[in-house]
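Read off the chains here:
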Amino acid sequence: MYSYSTGVDSRLYLPECHVNVTNRNVRLLRVRNYGYVTYGVTDAVCRDCAYKRNSTGLCTMYRTRLRYTVTDHILAAVQAAGPDGGIAISDGAALAAFLSAITRAGDGVCSRLCLIIDYDLTMSASTTPECHHMLRDAEAMPSAFRHDVHTLFAAAHDEAHPEHLAIFGPPATADRPHRFWTHYNGLLIKHGITAHMIENAVAEEKLSRGALLRRDVGELLSLCDACGVLVLVLSAGIDVVIHAACAQDGVELPAGCRLLTNRLLFDESGHCSAVVPSSPPASREGKLLLLSSLDELAGKDLVLMVGDKPVDARVARGLPPLSPLRSGGCSGQRSILSFGFYNTLGEQSSTVRPDRLDDWRAAYDIVAESGDSCSFAPLVALLQALLRHAAQPPC
């Protein structure tokens with residue numbers, strides 16, 4: 001039986017029928033689009049499957065099988081890196097299409113690739129409170145601030161709450177989707193919150209819970225930094241909380257990483273005097289404007305998105321239009337691959353039920369179905385496999 005190399009550190013084997021051919025003129029052939037070295041036979045008929053082989057030496061049936069064998073192999077590598085993550089491919093065609101786009105990019109793949117990562121419950125561990133929740137409950141924060149934030153949360157979850165209408169306005173209010181963030185940011189200013197208070201709150205959380213970030217986040221960031229891949233941390237959270245959590249866990253955001261979130265500004269006395277952006281704030285919808293205004297994204301036609309809620313998989317709608325001149329002569333269309341963590345613990349446990357897993361499968365191309373126990377190691381393995389695939393030499 002003949003063997004061939006996938007170019008991703010393993011050996012696989014051709015089905016017997018594909019070497020049992022009428023014409024024994026077997027030769028090595030590299031298939032550019034898939035990065036494989038395989039065996040092909042020109043103008044021969046496979047005796048067992050009776051499919052006539054085309055000029056590349058691959059019958060139509062086997063060409064399809066080969067394409068999905070690549071995705072299966074990459075999935076195996078990703079699963080091996082995160083055996084407790086329950087990694088599953090929801091859309092194999094999306095991965096195959098992304099592989100094809102990666103291969104066409106070739107040596108220029110790193111300059112055209114962008115990684116967009118959500119922070120809360122994605123970069124952070126699923127049991128770590130989200131930014132706004134953390135400050136709400138931290139004893140390091142002023143009691144008056146915590147009281148006002150608890151009132152905000154209560155009003156957000158109960159339309160009959162006496163403060164609901166004053167905070168959120170009528171249902172048809174244009175800025176209603178942003179009102180929670182606008183009011184919260186106003187409380188940060190009203191109570192003169194300092195960076196030191198927030199850093200102490202994060203340190204308090206670290207002491208209570210241990211690691212605040214998912215395992216292997218640093219490895220993924222280091223890999224992207226080494227390869228020159230742009231990383232965007234896109235979050236409706238708070239920049240000081242994110243920086244403090246990374247510092248507590250010893251993870252450094254590399255120079256090539258952009259943090260797009262609510263950014264606190266402080267006056268000369270160190271108290272919060274403004275939060276930007278403000279109109280709208282970096283809410284779940286407002287943060288998309290931060291994407292659309294980032295000029296360097298006009299040259300990124302390969303996008304890997306990572307999140308923990310179905311809405312996170314749809315942030316690509318906020319990306320600016322592509323500029324073919326800036327993206328190395330791309331086709332004008334982006335290729336997007338999404339990876340989602342299905343968490344069932346922590347702050348969102350009350351809104352995530354086992355019967356909603358299909359929502360994640362519909363939203364993401366690859367899902368860590370045991371998201372709470374999954375690290376970033378599968379994403380490291382995925383990115384390594386994609387980059388190796390792009391590095392395959394041409395035919």
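Residues numbered from 1 in each chain as written. Predicted model: local features only at pLDDT ≥ 70, side-chain atom pairs only at ≥ 80, totals over all residues. Heavy atoms only, no water.

Participant: How do you make sense of the confidence of the model for the protein chain when you look at a structure like this?
Facilitator: Regions with low pLDDT carry predicted coordinates that are not meant to be interpreted in detail. Chain-level pLDDT for the protein chain is 82 on average; 77% of the residues reach the 70-or-more range. Low confidence marks residues 1-68, where pLDDT is under 50. Its contacts with residues over four positions away, or in another chain, come to 147 contacts. (pLDDT = per-residue confidence, 0-100. Contact = heavy atoms within 4.5 Å.)

Participant: What's the story with the packing of aromatic side chains in this structure? I'm lost.
Facilitator: Each aromatic ring pair is characterised by the separation of its centres together with the angle its planes make. In total, this model carries seven aromatic pairs according to the counting rule given. Both rings, one in Phe180 and one in Trp181, keep their centres 5.3 Å apart while their planes meet at 75°; by these two values the pair is edge-to-face. The same class applies to Phe180 as to Trp181, namely buried. Geometrically, the ring pair formed by Phe339 and Phe341 is edge-to-face, given 5.3 Å between the ring centres and 65° between the ring planes. Residue Phe339 is classed as buried on the basis of its relative accessible area, which comes to 0%. For Phe341, a relative accessible area of 0% gives the class buried. Three or more aromatic residues joined by ring pairs form one cluster here, namely Phe145, Phe153, Phe180, Trp181 and Tyr184. Between the NZ or CZ atom of Arg136 and the centre of the ring of Phe153, over which it lies, the distance is 4.6 Å. Between the NZ or CZ atom of Arg214 and the centre of the ring of Phe341, over which it lies, the distance is 3.8 Å. (Phe/Tyr/Trp six-rings, centres within 6.5 Å; stacked < 30°, edge-to-face > 60°. Buried < 20%, exposed > 50% of the residue type's maximum accessible area, 1.4 Å probe, protein only. Lys NZ or Arg CZ within 6 Å of the ring centre and 35° of its normal.)

Participant: Quick question: what am I supposed to make of helix 8 (residues 179-190) here?
Facilitator: It helps to recall that an α-helix has 3.6 residues per turn; residues three or four apart then point in one direction. Compared with an ideal rise of 1.5 Å per residue, which puts 12 residues at 16 Å, helix 8 spans 16 Å between its outermost C-alpha atoms and is within 8% of the ideal. Listing the buried residues of helix 8 in full gives Phe180, Trp181, Tyr184, Asn185, Leu187 and Leu188. Summarising the axial view, the buried residues of helix 8 lie within an arc of 155°, below the 170-degree limit, and thus occupy one face. As for helix 8, its buried residues are in contact with helix 5 (131-137), helix 6 (143-157), helix 7 (164-168), strand 7 (230-238), strand 8 (257-266) and strand 9 (272-276). Within two residues after helix 8, Gly192 carries a phi angle of roughly 60°, on the positive side. (Helix = DSSP H or I, 4+ residues; strand = E, 2+ residues; numbered from the N terminus. Expected span 1.5 Å × (residues − 1). Arc of directions from axis to C-beta.)

Participant: Help me out: how do you make sense of unusual backbone geometry in this one?
Facilitator: When glycine is set aside, most residues are seen to have a negative phi, and most peptide bonds are trans. In this structure, Pro277 follows Val276 across a cis peptide bond, with omega equal to 0°. Omega for the peptide link from Ser279 to Pro280 comes to 0°, which places this bond in the cis form. Examined against the element boundaries, Pro280 turns out to sit in the loop between strand 9 and helix 12 (287-292). Positive phi values are uncommon outside glycine, yet Leu121 reaches one of about 70°. Mapped onto the fold, Leu121 is located in helix 4 (residues 119-123). Using a relative accessible area of 1% as the deciding quantity, one classes Leu121 as buried. Notably, Asp216 is not glycine yet its phi reads approximately 75°, a positive angle.

Participant: Just to check I follow, could you spell out the pairing of strand 10 (residues 302-307) for this structure?
Facilitator: For a regular strand, side-chain orientation follows a simple rule: the groups alternate between the two sheet faces. Most of strand 10 sits out of view: six of its six residues are buried. A two-sided burial pattern is seen for strand 10, the buried positions comprising Leu302, Leu304 and Val306 on one face and Val303, Met305 and Gly307 on the other. Looking at chain direction, strand 6 (residues 113-118) and strand 10 are connected through five bridges and run parallel. Bridge pairing in strand 10 links Cys114 to Val303. Pairing of strand 10 with strand 11 (residues 335-341), which is carried by six bridges, proceeds in the parallel orientation. Bridge assignment links Leu302 to a residue of strand 11, and that residue is Ser335. (Pairing = 2+ DSSP bridges.)

Participant: Please clarify how the environment of Leu302 should be interpreted in this entry.
Facilitator: Mapped onto the fold, Leu302 is located in strand 10. Taking the C-alpha atoms as reference points, Leu302 and Arg112, 190 residues apart in sequence, are found 5.9 Å from one another. In contact with Leu302, not counting residues within four places along its chain, are Phe98, Ala101, Ile102, Ala105, Val109, Arg112, Leu113, Cys114 and Ser335.

Participant: Can you help me understand the pattern of salt bridges in this one?
Facilitator: Opposite charge on two side chains makes pairing possible when the charged atoms of those side chains draw close. Tallying each qualifying case throughout the model produces 13 salt bridges. Measuring nitrogen to oxygen at the nearest pair gives 3.0 Å for the salt bridge that ties Glu369 to Arg361. It is possible to trace a salt-bridge network through shared partners that takes in Asp358, Arg361 and Glu369. (Salt bridge = Lys/Arg side-chain N within 4 Å of Asp/Glu carboxyl O.)

Participant: Teacher, can you tell me more about the packing of helix 10 (residues 217-227) against helix 14 (residues 377-390) here?
Facilitator: The description of two packed helices rests on the angle between their axes and on the distance between the axes. Running from amino to carboxyl end, helix 10 crosses helix 14 at an angle of 25°, the nearest separation of the two axes being 9 Å. For the element pair helix 10 / helix 14, the angle class is roughly parallel. For the crossing formed where helix 10 meets helix 14, the hand is left-handed. In this structure, helix 10 contributes Glu219, Leu220, Leu223, Cys224 and Cys227 to the contact, and helix 14 contributes Leu379, Val380, Leu383, Gln384 and Leu387. When its residues are assigned to classes, the contact of helix 10 with helix 14 shows eight nonpolar, one polar and one charged. (Axes fitted to C-alpha atoms, helices over the stretch in contact; angles between N-to-C directions. Parallel < 35°, antiparallel > 145°, perpendicular 65-115°, else oblique. Left-handed = near helix turned anticlockwise from the far one by under 90°. Nonpolar A, V, L, I, M, F, W, Y, C, P; charged D, E, K, R; others polar.)

Participant: For this particular structure, what's the right way to read the sheet that holds strand 6?
Facilitator: Within a sheet, neighbouring strands are paired by backbone hydrogen bonds and run either parallel or antiparallel to one another. With respect to topology, eight strands assemble into an open sheet ordered 5-12-11-10-6-7-8-9, the strand pairing being mixed. Because the sheet does not close on itself, it has two edges, and the strands there are strand 5 (87-89) and strand 9. Taking each pair of neighbouring strands and ignoring which way they run, the sheet shows an average axis angle of 20°. One ladder, built from three bridges, connects strand 11 with strand 12 (residues 366-368); its direction is parallel. Bridge pairing links Phe341 to Ala368 in strand 12. Sitting on the sheet, helix 8 touches strand 7, strand 8 and strand 9, and the angle it makes with strand 9 is about 155°.

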